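Geometric and topological summary
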Amino acid sequence: MQKSFIPVNRILLGPGPSNVNPKVLEALSRATLGHLDPQFIELMDEIKSSLKYTFKTENDATFVLSGPGSLGMEACLVNMIEPGNKVVVCTGGYFANRMIQIVEKIGGNPVPVKETWGRAIDPQKLEDSLKTNRDAKIVAFVHAETSTGALSNIKELSEIAHRHNCLVVADVVTSLGATDVMVDEWNLDAVYSCSQKGLACVAGMSPVTFSEKAVHHIKNRKIPVQSWFNDLNLLLSYWGGQKRMYHHTAPSNQYYGLHEALFILKEEGIENAWRRHKENSAKLISKLKDELDLEPIVPNGERIPHLQAIKVPDGVDEAKIRIELLKQHNLEIGAGLGELAGKIWRIGLMGYNSNDKIIDYLIGSLKKVFSEK
Ligand SMILES: *Cc1c(COP(=O)(O)O)cnc(C)c1O
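Bear in mind that the values here come from a model prediction, so they are computed numbers and not experimental data.

**Overview of the site of the ligand**
Of all residues adjacent to the ligand, which total 14 residues, the nearest are Gly69, Ser70, Thr146, Asp171 and Lys197. With respect to the ligand, the side chain of Thr146 contributes an N or O atom lying 2.3 Å from an oxygen atom. The separation between an oxygen atom of the ligand and a polar side-chain atom of Gln196 is 2.9 Å. Contact with the protein chains removes 90% of the 380 Å² of surface that the ligand exposes when unbound.

**A look at the packing of helix H3 (residues 69-80) against helix H4 (residues 94-105)**
Interaxial distance between H3 and H4 falls to 10 Å at its minimum, and their mutual angle equals 45°. Relative to H4, the element H3 is oriented oblique. Once H3 is placed against H4, the crossing between them reads as right-handed. Listed contacts from H4 to Ser70, Met73, Glu74 and Leu77 of H3 are Phe95, Arg98, Met99, Ile102 and Val103. For the contact of H3 with H4, the class distribution of residues is 6 nonpolar, 1 polar and 2 charged.

**Structural notes on empty space enclosed by the protein**
Applying the stated criterion across every chain, the model contains 2 cavities of 30 Å³ or more. If you go around the largest cavity, the residues you meet are Cys90, Thr91, Gly92, Ala96, Arg119, Ile121, Val142, Glu145, Thr148, Ala150 and Ser152. Here the residues of the lining of the largest cavity sort into 5 nonpolar, 4 polar and 2 charged. The computed volume of the second largest cavity comes to approximately 30 Å³. Forming the walls of the second largest cavity are His277, Ser281, Leu284, Pro305, His306, Leu307, Gln308, Ile347 and Leu349. If you tally residues by element for the lining of the second largest cavity, the top one is helix H10 (residues 270-292), at 3 residues. Partitioned by chemical class, the residues of the lining of the second largest cavity number 5 nonpolar, 4 polar and no charged.

**Re the packing of aromatic side chains**
Aromatic ring pairs are described here by two measures, namely the spacing of the ring centres and the angle between the planes. Tallied over the full model, the rule gives 8 aromatic pairs. Consider the rings of Phe63 and Trp239, whose centres lie 5.9 Å apart with planes at 35°: the pair is tilted. You can see Phe63 sitting in strand E2 (residues 61-65) and its partner Trp239 sitting in helix H8 (residues 232-239), a full 176 residues away along the chain. Note on Phe63: relative accessible area 1%, which makes it buried.

**Considering the layout of surface pockets**
What the largest pocket holds in volume is close to 380 Å³. Around the largest pocket sit 19 residues that line it, and Asn9, Arg10, Asn19, Tyr352 and Asn353 are the ones nearest its centre. Counting only elements with at least two residues in the lining of the largest pocket, the list comes to strand E1 (11-12) and helix H12 (356-372). Among the elements that make up the lining of the largest pocket, the one with the highest residue count is H12 (3 residues).

**Concerning the sheet that holds strand E10 (residues 206-210)**
Overall, mixed pairing links the 7 strands, which are arranged E2-E10-E9-E8-E5-E3-E4 in an open sheet. Whereas interior strands pair on both sides, the edge strands pair on one side only; in this sheet they are E2 and strand E4 (109-114). Here the strands of the sheet are splayed against their neighbours by 15° on average, with no regard to which way each runs. With 3 bridges connecting them, strand E3 (residues 86-91) and strand E5 (residues 138-142) associate as parallel partners. In the sheet register, Val89 faces E5, and the bridge partner there is Ala140. Against the sheet, helix H5 (residues 123-132) touches E3, E4 and E5, its axis set at about 145° to E4. Packed onto the sheet, helix H7 (residues 212-219) meets E2, E5, strand E8 (167-171) and E10 and runs at close to 85° relative to E10.

**A closer look at the pattern of salt bridges**
Scanning all chains against the criterion turns up 18 salt bridges. Between Arg30 and Glu26 there is a salt bridge, with the nearest N and O atoms lying 2.6 Å from each other. Residue classification places Arg30 among the partly exposed residues on the basis of a relative accessible area of 38%. Judged by its relative accessible area of 42%, Glu26 is partly exposed. Through salt bridges with shared partners, a single network forms among Lys289, Asp293 and Glu295.

**Focus: the domain arrangement of the protein**
Taken domain by domain, the protein holds domain 1 (11-15 + 269-372) and domain 2 (31-266). If you average the C-alpha positions of domain 1 and of domain 2, the two centres end up 27 Å apart. The interface of domain 1 with domain 2 comprises 27 residues on the first partner and 30 residues on the second. Taken together, the two surfaces of domain 1 and domain 2 that pack against each other cover about 2200 Å², and 62% of this comes from carbon and sulfur. The largest per-residue losses of area from domain 1 upon contact with domain 2 belong to Ile270, Trp274 and Glu302, which jointly make up 28% of the total buried on that side. Summed over the shared surface of domain 1 and domain 2, the result is 3 salt bridges. Across the domain 1-domain 2 interface, the total number found is 13 residue pairs in polar contact (both at pLDDT 80 or more).

Calculation rules
- Residues numbered from 1 in each chain as written.
- Predicted model: local features only at pLDDT ≥ 70, side-chain atom pairs only at ≥ 80, totals over all residues.
- Heavy atoms only, no water.
- Near = heavy atom within 4 Å.
- Polar contact = N/O pair within 3.5 Å; in protein donor to acceptor, adjacent residues only side chain to side chain.
- Areas by Shrake-Rupley, 256 points an atom, 1.4 Å probe, with all protein chains shown as cover.
- Axes fitted to C-alpha atoms, helices over the stretch in contact; angles between N-to-C directions.
- Helix = DSSP H or I, 4+ residues; strand = E, 2+ residues; numbered from the N terminus.
- Parallel < 35°, antiparallel > 145°, perpendicular 65-115°, else oblique.
- Left-handed = near helix turned anticlockwise from the far one by under 90°.
- Contact = heavy atoms within 4.5 Å.
- Nonpolar A, V, L, I, M, F, W, Y, C, P; charged D, E, K, R; others polar.
- 1 Å grid on protein atoms, 1.4 Å probe; cavity = no way out; pocket = protein on both sides within 12 Å on 5 of 7 lines; lining within 4 Å.
- Points joined across faces, edges and corners; volume = space filled by probe spheres on them.
- Phe/Tyr/Trp six-rings, centres within 6.5 Å; stacked < 30°, edge-to-face > 60°.
- Buried < 20%, exposed > 50% of the residue type's maximum accessible area, 1.4 Å probe, protein only.
- Pairing = 2+ DSSP bridges.
- Salt bridge = Lys/Arg side-chain N within 4 Å of Asp/Glu carboxyl O.
- Domains from an automatic or database assignment.
- Buried area = accessible area lost by both parts, 1.4 Å probe.

Written as structure tokens, this is what we have:
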């Protein structure tokens, strides 16, 4: 006989998903509404307004895509780039490399600005690249490079890009909700995030926002957007205007979850949430150092507050530690990706999980597992 699926209640301290507030889980299970129900349209409008608060923007083109962060990445790039366009992509990790792959797939001409993995992008390198690539129209970069733990100064990168008459595509997938993101102040044009990292909701939704300049750029393309699902012109007819048009069947229950997660964030106050993540990260880093002699690979000042890339000590089997944490302590942390596979652990303290109790449980569990190896 087949039974209902009942998952284990893990403590998720990897790069996302993280544990979801029980209030969000409860919201997900409420009665389903149709995707054009007047009450659902009200919910969409509230999500839009909460997202403007979260992104710190007045952009009218602020909404959610029904898919993970990668969908937002593809949507921003496919709308902003026409085949043949030169695109400068700042890359110091796995996710920026994914941007390059997408630019190639949609017929753009990516020019990488390469940074060492584990470091913030050096703004001078972008400046130099734009001086030699004067025909570039778009600059793309990642704020919090989840694969390495490095946080770049995208305010500065954006300033440089605009000085060279480029529009910018910014990945705030991991940063949004947990560390400072200011779309309008930083002049970001096409911006995407996800639901399961800094926003600490379940996966599968991608908040996006487009500046007026970006919308104008998209509406004046010579070649139509090479995607049906991600065409901003079609998406806006579902998310805006007087009469809402069917675009796709939005997963209404998931949207209830996002609405609740954004509500919780607003209740705390976004600046307070940023501060909480910074303070808890500082505590985590000092305890890892003092009690386990473990250290981040990213220099101080360039670290993502809520996601630490921790160096695996010489001679330690990193996978074994992760497996024992899961088996004995019900606790998940992340492995390294790409160039950093086998060399780091990635420890996230996001949203609901960014608190003292979780830090103490993690440190205690790590001590036990280390003492047994
Ligand atoms: C996780 C992540 C993505 C991809 O998001 P998914 O929800 O896994 O599709 C993109 N960019 C960054 C920086 C990420 O951390």
